[in-house]
Amino acid sequence: PIAVFESAAILAYLAKKAGKFMPSDPEGRYRALEWLMFQIANIGPMFGQAYHFRSGAPERVPYAVDRYTNEVGRLLGVMERRLGEAAYLAGEEYSIADIASWPWVRNAYSYGQNMDEFPNVTRWIAEIAQRPAVRRGLKALEKA
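Parameters and conventions
- Residues numbered from 1 in each chain as written.
- Predicted model: local features only at pLDDT ≥ 70, side-chain atom pairs only at ≥ 80, totals over all residues.
- Heavy atoms only, no water.
- Axes fitted to C-alpha atoms, helices over the stretch in contact; angles between N-to-C directions.
- Helix = DSSP H or I, 4+ residues; strand = E, 2+ residues; numbered from the N terminus.
- Parallel < 35°, antiparallel > 145°, perpendicular 65-115°, else oblique.
- Left-handed = near helix turned anticlockwise from the far one by under 90°.
- Contact = heavy atoms within 4.5 Å.
- Nonpolar A, V, L, I, M, F, W, Y, C, P; charged D, E, K, R; others polar.
- Buried < 20%, exposed > 50% of the residue type's maximum accessible area, 1.4 Å probe, protein only.
- Phe/Tyr/Trp six-rings, centres within 6.5 Å; stacked < 30°, edge-to-face > 60°.
- Polar contact = N/O pair within 3.5 Å; in protein donor to acceptor, adjacent residues only side chain to side chain.

(A) Spotlight on the packing of helix α2 (residues 26-56) against helix α4 (residues 96-105). Interaxial distance between α2 and α4 falls to 8 Å at its minimum, and their mutual angle equals 15°. With respect to α4, the axis of α2 lies roughly parallel. The handedness of the crossing between α2 and α4 is left-handed. Contacts from Ala 32, Trp 35, Leu 36, Gln 39, Ile 43, Gly 44, Phe 47 and Gly 48 in α2 reach Ile 96, Ala 97, Ala 100, Ser 101, Trp 104 and Val 105 in α4. Class assignment of the residues belonging to the contact of α2 with α4 gives a composition of 10 nonpolar, four polar and no charged.

Given below as structure tokens:
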């Protein structure tokens, strides 16, 4: 056993250990890693800042609200294009890239986004929400 920290590293470790959620072919593997890194470098930080400045900041800073709201829209646009090409971020199979990204993106409307502009992202959100393990996880959150 080894100790692993950082969510993306934990996901990669668990995918390797379980033999699931990471494509075995090199191209698929690197596609999954690209989208996992997209979440790490973009979705998490920018969605987090958008949430903070829209909902948690002690004072409203219009520049920051606009800047991060627009960046969330831009990132959703990148995802929209990708999800117009493939069922999931890394391709046709659900992967750790989707696992890492979905919790941030599932409530994108709360970041000031018109989700009608992102039908592929909306389809992806709904499809993942129906996965049995995701449903169990959401149910556990309701009880917490």
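(B) Seen up close, α4. Taking burial as the measure, the 10 residues of α4 include seven buried ones, the bulk of the element. All of the buried residues in α4 are Ile 96, Ala 97, Asp 98, Ala 100, Ser 101, Trp 102 and Val 105.

(C) Seen up close, the packing of aromatic side chains. What the rule picks out here adds up to five aromatic pairs. When the centroid spacing of 5.7 Å and the interplanar angle of 5° are considered together, the rings of Phe 53 and Tyr 68 count as stacked. Taken together, the positions of Phe 53 in helix α2 and Tyr 68 in helix α3 (residues 62-85) put the pair 15 residues apart, joining distant regions of the chain. Side by side, Phe 53 and Tyr 68 carry an identical accessibility label, which is buried. Through pairs of rings, three or more aromatic residues link up here, namely Phe 21, Tyr 88 and Tyr 94.

(D) A look at the side chain of Gln 113. Secondary-structure assignment places Gln 113 in the loop between α4 and α5 (119-129). The exposure class of Gln 113 is buried, given its relative accessible area of 13%. At 2.8 Å, the side chain of Gln 113 forms a polar contact with the backbone oxygen of Thr 69. Here Tyr 111 takes part through its backbone oxygen, which lies 3.3 Å from a polar atom of the side chain of Gln 113. Those residues in contact with Gln 113 that sit more than four places away from it in its chain are Thr 69, Val 72, Gly 73, Leu 76, Ala 108 and Phe 118.

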